[in-house]
Amino acid sequence: PESDRYVTSFMAGATWQAGSDLKIMNNYINLETSDPNVPNFDDPTQGRDTALQLIDAGCDVVFGVGGDAVSGALLAAKERNLPAVGADVDQYNTGPEVQDALLTSAQKNVDVMLYNFLRSVADGTVTAGITTGTLHNGGVGLAPFHSWDSRIPAELKAQAQQASDAIQNGSI
């Protein structure tokens, strides 16, 4: 599932930067349930509670992935004055209440993917099947650092760009 790809990619990048000293903490929330009494990933309260549990266990950066639970996880990070990474869209634009906590967001560039699909329809090259958004086709990316931009060292920004380039050229 796409949420696993998000988590795996985040963990790989964090490990690449921090090395073996990194402690990775992860918790999955119920994806779907027909029971209205069981929280699921569309429940911001569940996202907040889960993030707070991880923060209390020593989490330093919150990366919330999965439905509306993300907004709750980001709020938990803000409440505890920790940096956070959003998911799916540039949550700096969609979550003004958490802007000062957001380092960035991992984005699904649905607009780019839709444009690419419509262009293939128009030029007659459309093919049946599933297309996955990647760095190669512009279907995923990193949102700007916004208010954190001046706090992110230029060297780290350069390393992130180098990693992106290496993924795109196949050396990573």
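A short tour of the structure in this document, coming up. (Residues numbered from 1 in each chain as written. Predicted model: local features only at pLDDT ≥ 70, side-chain atom pairs only at ≥ 80, totals over all residues. Heavy atoms only, no water.)

All right, on to the sheet that holds strand β3 (residues 102–108) then. Across the sheet, which stays open at both edges, the four strands sit in the order β1-β2-β3-β4 with mixed pairing between neighbours. The two strands at the open ends of the sheet, each matched to only one other strand, are β1 (62–63) and β4 (140–142). Across the face of the sheet, helix α3 (residues 69–79) comes into contact with β1, β2 (84–88) and β3 while running at roughly 170° to β2. (Pairing = 2+ DSSP bridges. Helix = DSSP H or I, 4+ residues; strand = E, 2+ residues; numbered from the N terminus. Contact = heavy atoms within 4.5 Å. Axes fitted to C-alpha atoms, helices over the stretch in contact; angles between N-to-C directions.)

Located in the positive-phi region is asparagine 81, a residue other than glycine, with phi close to 55°. With respect to the helices and strands, the residue asparagine 81 is situated in the loop between α3 and β2.

Each α-helix winds once per 3.6 residues, and so residues spaced three or four apart point in a common direction. Its 17 residues place the ends of helix α1 (residues 2–18) 24 Å apart at the C-alpha level, agreeing with the 24 Å of an ideal helix rising 1.5 Å per residue. When we look at burial in α1, the residues that qualify are Ser3, Tyr6 and Val7. An end-on view of α1 places all buried positions within 90° of arc, on one side of the element. Along α1, the residues that are exposed and aim more than 90 degrees away from the buried face are Thr8 and Ser9. Structurally, α1 contributes buried residues whose contacts are with β1, β2 and β3. Glycine 19 lies just past α1 and shows a positive phi near 75°. (Expected span 1.5 Å × (residues − 1). Buried < 20%, exposed > 50% of the residue type's maximum accessible area, 1.4 Å probe, protein only. Arc of directions from axis to C-beta.)

This part is about the pattern of salt bridges. Inspection of the entire model under this criterion finds six salt bridges. A salt bridge links aspartate 49 to arginine 48; the nearest nitrogen and oxygen atoms lie 3.7 Å apart. Across the pair aspartate 149 and lysine 157 runs a salt bridge, and its minimum N-O distance is 2.9 Å. Assessed through its relative accessible area of 27%, lysine 157 is described here as partly exposed. Salt bridges sharing partners connect three or more residues here, namely Arg48, Asp49 and Glu79. (Salt bridge = Lys/Arg side-chain N within 4 Å of Asp/Glu carboxyl O.)

Here we come to the packing of helix α2 (residues 44–56) against α3. Remark: α2 packs on α3, axes separated minimally by 6 Å, with the N-to-C direction vectors making an angle of 40°. The pairing of α2 with α3 is recorded here as oblique in orientation. Viewed along their axes, α2 and α3 form a crossing whose handedness is right-handed. Counting all contacts with α2, which are made through Pro44, Gly47, Arg48, Ala51, Leu52 and Ile55, the residues of α3 involved are Ala69, Ser71, Gly72, Ala73, Ala76, Ala77 and Glu79. By residue class, the composition of the contact of α2 with α3 is eight nonpolar, three polar and two charged. (Parallel < 35°, antiparallel > 145°, perpendicular 65-115°, else oblique. Left-handed = near helix turned anticlockwise from the far one by under 90°. Nonpolar A, V, L, I, M, F, W, Y, C, P; charged D, E, K, R; others polar.)

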